[in-house]
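Overview (structure and organization)
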Amino acid sequence: MSYDPPRPILVSSSAASDVVKRQVGALFNGVGAAQGREIQRVAVEESRLGIPVLLAADVIHGMRTVFPIPLGEAASFEPALAERTARATAVEATAAGLHWTFAPAVDIARDQRWGRGAEGAGEDTVLGCAFAEARVRGFQGPDLRAADSLLATPKHFAAYGAVAAGMDYNYVEISEGTLQDVHLPPFKAAFDAGALTVMTAFNDINGVPASANHALLTGLLRGHWDFPGLVVSDYTADMELIAHGYAEDERDATRRAFTAGMDMSMQSGFYAAHLPGLVESGEVPMALLDASVRRVLSLKAAIGLLDDPYRSLDPSREDDISRLEAHETLARDAGRRSIVLLKNESDVLPLRRDARIALVGPFARDRDNIEGCWTLFGDKSRYISLEEGFRAALPHAGSLEIVDGCGLESPLEGGIEAAVAAARRAEVVVLALGEPQRYSGEAQSRTRIVLPAAQQVLAEAVSATGTPVVVLLRNGRALALEGAVRDARAIVVTWFLGSQTGHAVADVVFGDYSPSGRLPVSFPHDSGQQPFFYNHPRTGRPETPEMSEFKARWREHPNTALYPFGHGLGYGRIEYGATTVDMAKLPVSDVLTVRATLRNHGTRAVEEVVQLYVHDRVASRVRPVRELKGFRKLMLQPGESQEVVFRLAPAQLAFTRADGTHGSEPGGFDVWIAPSAMAGVPARFELLPR
Ligand code: NOJ
């Protein structure tokens, strides 16, 4: 196996001097066990109090081995998979000397213009909670004191995914109900799974910046939720209180952030500069400082750092690459499980291995857009491009022709002509299109969530040859598909899949794996529908197929998804029987059993993601048209039938009611067991009064 050893970065001599002179208690985004040991020696032997420092970094979806972007992995609908990839990530990250990662991002992203949706689990809260929990468990492992346990940080607290117009860092105007019911639950789930740190968000919430928000950081977090852990700023969020116009100056910003409940300032240096004076003047009570210091020390104690400052700093573990092969196998499996097949007309997929294939597009040979939005330390020497994956899967390399056709954002001289000629010679064209990886992630908001124009032109030209086209999309968000891309015979969403991209995609394209991913975000008809999410509140004028004037819809498009949340195909034919419930009237003290029988009418074994949705028919606040309440991936052999049984407790029907309390309300509900948020026929039940 080729292996490019990790290169330590950023642990510089100034870091050591910061530890001694500025009494810095944590360092971030540097790696290297030997350098880490030196930092701890300096901390223990030369700093005033001799307390070891926390070594942190943004290790989001892989360290040396890169796994799919979190949004892509959420498409697997397999939290257990995310737990395994987070565990593997923690093993590699702690071997490189880290104690703490700034992940998982648990922001719910209901607007696909926002670039940071790529870092989370999509638009749904129940799915988001399941992935938040799984990732925390995976990073931290069963024992926080173990050398391979990596502290997790759910972020960005809170409602960062609700920035207006999907523009990163923008303001957030949000109802209490949406905040409580949609954006906060994944944080609570992460804390319940054992997360001991949390990162504040850059945005304000209804006028109060999250990073100086006492109601959030102290009232809710420590008061209501009893969170014992540490609150760290996002980067310079304390400093940004000045730009928000919420603080006069550095000192005021420090006071506001600290007294609101932010324990640690990541980057600005404000706390080191101003807290001593603020405590001396009494503006920051000593008791508050003590409580904060206690939280930092408790965290260090919890991971065993006060007993062994050199925890996770073993250069021989860092040099040991024996685990990498298993991690590559996991990355390939995670990659193919994250792929979503949107469309497969006339069963054009999977491709025959002896077909004459033209692999066309700017991602065909690309090696620079494999890792996705948040990878600082990936081992690029081990990345597998599409070309490499296809060649490895095809015994007769002669049947594969590869043409770039265009650049990521611009035409290539002669590119279209070469692509068209190759398409004419081929039986099928595989068009590898998508967003450059820098289009998603922090500060990468878009107004139009479409493919770059040069790629669309290529798609139109190739499709005009009449050769069947399979589109492979690389994307960090839901896209609005247009023209020949939308109309291709098959469309495969491959996100950014990480190290094993080429192999994972080839496994699906050539049928070694039947795709089992489902959309964690709705693909709209058009960019202008954003924010668009399946679980929107009911309007007074819902659109109906037969009567569309004066209804809640756009002039140009129906207000539905082109491909809804939860949608995805496999290489089988699954049919859903009717949804049934065991009680027409559900007492609040009981649990409803919901059933449906699925049958695989196809000729291949497939994995199906079965989804449970409900709709509250009448309530004191307008309720969503549907809400996911459960999901399960199961394997069905050809010809096999299986009954799927979900249990639905009244607590799962709770929401923030008109009077601000949380709970369910008696009355009628619809319930579906369905393959997507737009499919199925519901059963009915009534929740009885208490
Ligand atoms: C800013 C990002 O918002 C946050 O997610 C990240 O963890 C920090 N920078 C540190 O790199």
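First, a word on scope: everything that follows refers to the structure included in this document. (Residues numbered from 1 in each chain as written. Predicted model: local features only at pLDDT ≥ 70, side-chain atom pairs only at ≥ 80, totals over all residues. Heavy atoms only, no water.)

In terms of regular secondary structure, the protein is built from 19 helices and 26 strands. Over its C-alpha atoms the protein spans a radius of gyration of 26 Å, differing by no more than 12% from the 26 Å that the globule rule assigns to 690 residues. When the backbone C-alpha atoms are referred to their principal axes, the protein occupies close to 75 × 65 × 45 Å. Per-residue burial for the protein yields a buried fraction of 59% across its 690 residues. Of all intrachain contacts in the protein linking residues separated by at least 6 positions in sequence, the fraction that spans at least 24 positions is 78%. As displayed, the protein has an accessible area near 25,800 Å², and 52% of this comes from carbon and sulfur atoms. (Helix = DSSP H or I, 4+ residues; strand = E, 2+ residues; numbered from the N terminus. Rg over C-alpha atoms; globule rule 2.2 N^0.38 Å. Buried < 20%, exposed > 50% of the residue type's maximum accessible area, 1.4 Å probe, protein only. Contact = heavy atoms within 4.5 Å. Areas by Shrake-Rupley, 256 points an atom, 1.4 Å probe, with all protein chains shown as cover.)

Taken together, N29, D58, F102, R116, K155, H156, M199, F202, D234, M266, W374 and E442 form the complete shell of residues around the ligand. In the model, an oxygen atom of the ligand is placed 2.4 Å from a nitrogen or oxygen of the D58 side chain. In the model, an oxygen atom of the ligand is placed 2.8 Å from a nitrogen or oxygen of the K155 side chain. With the chains in place, 95% of the 300 Å² that the ligand exposes on its own is no longer accessible. Residues that form the shell around the ligand fall into these classes: five nonpolar, two polar and five charged. (Near = heavy atom within 4 Å. Polar contact = N/O pair within 3.5 Å; in protein donor to acceptor, adjacent residues only side chain to side chain. Nonpolar A, V, L, I, M, F, W, Y, C, P; charged D, E, K, R; others polar.)

What follows concerns the environment of E665. Considering the arrangement of structural elements, one finds E665 in the loop between β24 (662-663) and β25 (667-674). Expressed as a C-alpha distance, the spacing of E665 and L394, which sit 271 residues apart in the sequence, is 58 Å. When residues no more than four places from it in sequence are discounted, the contact partners of E665 are A619, S620, F655, R657 and L687.

Along helix α10 (residues 250-260), the residues classified as buried are D252, A253, T254, A257, F258 and A260. Buried residues along α10 sit in contact with α8 (214-224), α9 (240-244), α11 (270-280) and α12 (286-302).

Quick look at α11 now. For α11, the full list of buried residues reads F270, Y271, H274, L275, L278 and V279. The buried residues of α11 occupy one face: seen down the axis, they fall within an arc of 135°. When the buried face of α11 is taken as reference, the exposed residues oriented beyond 90 degrees from it are A273 and E280. Structurally, α11 contributes buried residues whose contacts are with α9, α10 and α12. One or two positions beyond α11, positive phi appears at G282, with a value near 85°. (Arc of directions from axis to C-beta.)

Our next topic: the sheet that holds β25. The five strands lie next to each other as β18-β26-β25-β20-β21, forming an open sheet whose pairing is mixed. Of all strands in the sheet, those bounded by a partner on one side alone are β18 (585-586) and β21 (627-636). (Pairing = 2+ DSSP bridges.)

Taken together, the side chains of V293, L297 and L306 present a nonpolar region at the surface, about 210 Å² in accessible area. With respect to the helices and strands, L297 occurs in helix α12. Residue L297 is classed as partly exposed on the basis of its relative accessible area of 31%. (Patch = residues over 30% accessible without salt bridge, like charges linked within 9 Å, V, L, I, M, F, W, Y side chains within 5 Å. Salt bridge = Lys/Arg side-chain N within 4 Å of Asp/Glu carboxyl O.)

Let us look at the sheet that holds strand β3 (residues 100-101). Spatially, β1-β2-β3 is the arrangement adopted by the three strands of the open sheet, whose pairing is parallel. Strands with a single pairing partner mark the edges of an open sheet, and in this sheet they are β1 (26-28) and β3. As paired strands, β1 and strand β2 (residues 54-57) are joined by three bridges and run parallel to one another. Residue pairing in the sheet places A26 in a bridge with L54 of β2.

What follows deals with unusual backbone geometry. The linkage connecting K155 with the following residue, H156, adopts the cis geometry, with an omega of 5°. With respect to the helices and strands, H156 occurs in the loop between α5 (125-140) and α6 (176-183). The step from L349 to P350 runs through a cis peptide bond, and the omega angle for that step is -5°. Positive phi, close to 55°, is recorded for F77, a residue that is not glycine. Although it is not a glycine, S346 sits at a positive phi angle of roughly 50°.

Here we take up the pattern of salt bridges. With the rule as written, the count across this model stands at 52 salt bridges. Between D263 and R222 there is a salt bridge; the shortest N-O distance is 2.7 Å. A residue pair is termed long-range when its members are at least 10 positions apart, and D263 in the loop between α10 and α11 and R222 in helix α8 qualify at 41 residues. Overall, R222 belongs to the buried group, its relative accessible area being 14%. In this structure, K380 engages E371 in a salt bridge whose closest nitrogen and oxygen atoms are separated by 3.5 Å. The class for E371 is buried, based on a relative accessible area of 8%. Overlapping salt bridges bring together E78, R332, D333, R336, R337, D507, E607 and K633 as one network.

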